Amino acid sequence: MKRLTTAPNIAIGTLWADMLTASGVAASVQRYFASGIAGEIPPDQALPEIWIADDAQLDAARRLLAELRHPPQRRWVCPGCAELIEGPFEQCWKCGAVMPGVDGEGR
Ligand SMILES: [Zn+2]
């Protein structure tokens, strides 16, 4: 068991642990039950902690968490005008073409 990080609250901690577990890194939230005695311990020690079961997966867990907190920026080349588009855009700012793969996928 290794502590990966602390979460700002239980909801986010649970979300992170679920995401890590779903990605193949067994994780759990500790101090989950500390809220009942939160008044007796310093607030910064009452935060939920994310622990991973397998120490060898610490690096992988850190990468996954970083991706979850800061989703990778999209980067694609416009099929219409070959402009490189970076950022959360699904449409070319130059010619208005739609990002490849956006059309007709679950919409
Ligand atoms: Zn374009």
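Heads up: the structure comes first, above all this text.
Okay, so let's go over this structure. (Residues numbered from 1 in each chain as written. Predicted model: local features only at pLDDT ≥ 70, side-chain atom pairs only at ≥ 80, totals over all residues. Heavy atoms only, no water.)

In this section: unusual backbone geometry. The general pattern is negative phi for most residues beyond glycine and trans for most peptide bonds. A positive phi is found at Ala82, a non-glycine position, where the angle reads about 65°. Note that Ala82 resides in the loop between strand 4 (75-77) and strand 5 (84-86). (Helix = DSSP H or I, 4+ residues; strand = E, 2+ residues; numbered from the N terminus.)

Let's shift gears to the nonpolar core. Core analysis: the biggest nonpolar cluster contains 14 residues, and Leu4, Leu20, Ala27, Ile50, Ile52 and Ala61 have the highest contact counts within it. Listing elements by their share of this core, those giving two or more residues are helix 1 (10-22), strand 2 (27-30), strand 3 (49-52) and helix 2 (58-69). For this core, the element with the highest residue contribution is helix 1, accounting for four residues. Leave out the neighbours within four places in its chain, and Leu4 touches Leu20, Ile50, Trp51, Ile52, Leu58, Ala61, Arg62 and Leu65. Core analysis: the second largest hydrophobic core is formed by six residues, Cys78, Ile85, Cys92 and Ala97 among them. (Core = buried A, V, L, I, M, F, W, Y, C linked by side-chain atoms within 4.5 Å. Buried < 20%, exposed > 50% of the residue type's maximum accessible area, 1.4 Å probe, protein only. Contact = heavy atoms within 4.5 Å.)

Right, let's get into helix 2. Look at helix 2: 16 Å from first C-alpha to last across twelve residues, which is about the 16 Å you get at 1.5 Å a residue. Here helix 2 has its buried residues at Leu58, Ala61 and Leu65. The arc that holds every buried residue of helix 2, seen down its axis, measures 60°, which confines them to one face. When the buried face of helix 2 is taken as reference, the exposed residues oriented beyond 90 degrees from it are Asp59 and Arg63. Where helix 2 is buried, its residues contact strand 1 (2-6), helix 1 and strand 3. (Expected span 1.5 Å × (residues − 1). Arc of directions from axis to C-beta.)

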